Amino acid sequence: MGRPLGKKYFGTLAGGSLAGGEGISSITYTNRGSQYSAGITVTSAASPIGGTTAVITPVSVFANGWINTATISVAGTGYTTAPTLTITKPANVVVTATNAGFWQDGSNLRLSSTAGLYVGMYANIGGATTVRIASIYPDGNIRGSSNYGNTTATVTFGDTGHNGSLTAV
């Protein structure tokens, strides 16, 4: 007789898959990156043997754009090795500025829409990404991290985050 196999190698009916393996127990912040917006998401690779995929949410970002926390809301099942975690930035957004005061003398910039914008995204005006969104208000106004001047043109916003790396344990 051999010794018995550990429970981690057998799935459960409650999990629905009967796949062996384990779930994610924690996340290591290998590199917190920089310049990320509040709109980033983290996803886990699928279980290689048919278990359930881990779900990572919510992700929070420090004011300087470093990744602060990523929470495991579903540990997943069926992982025989730690799954790859992927950081995804929100899509770029192009909107029209509808007033002439672009953070000039402390004023807000009113936009045609704030849909898809997140605190921490940068405005690209004339090829320069120098103004970071500091606040988004329900009335369509946003406030930036610095003054740029006046504009009533279209403005492109994007997440310039980079170098973040998270590891599942």
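What comes next concerns the included structure.

Conventions we followed
- Residues numbered from 1 in each chain as written.
- Predicted model: local features only at pLDDT ≥ 70, side-chain atom pairs only at ≥ 80, totals over all residues.
- Heavy atoms only, no water.
- Pairing = 2+ DSSP bridges.
- Helix = DSSP H or I, 4+ residues; strand = E, 2+ residues; numbered from the N terminus.
- Axes fitted to C-alpha atoms, helices over the stretch in contact; angles between N-to-C directions.
- Buried < 20%, exposed > 50% of the residue type's maximum accessible area, 1.4 Å probe, protein only.
- Contact = heavy atoms within 4.5 Å.
- Polar contact = N/O pair within 3.5 Å; in protein donor to acceptor, adjacent residues only side chain to side chain.

If you trace the four strands from one edge of the open sheet to the other, you get 4-3-2-5, paired in antiparallel fashion. Strands with a single pairing partner mark the edges of an open sheet, and in this sheet they are strand 4 (67-74) and strand 5 (85-88). When the angles between neighbouring strand axes are averaged without regard to direction, this sheet yields 25°. Here four bridges tie strand 2 (residues 41-44) to strand 5, and the two strands are oriented antiparallel to one another. Bridging across to strand 5, Val42 finds its partner in Ile87.

The next thing to look at is the environment of Ser60. Here Ser60 shows up in strand 3 (residues 55-61). Using a relative accessible area of 25% as the deciding quantity, one classes Ser60 as partly exposed. Spatially, the C-alpha atom of Ser60 lies 9.0 Å from that of Ser37, the residues being 23 residues apart in sequence. Among all residues touching Ser60, those that are not within four sequence positions of it are Trp66, Ile67, Asn68 and Thr69. Side-chain polar atoms of Ser60 contact the side chain of Thr69, separated by 2.7 Å.

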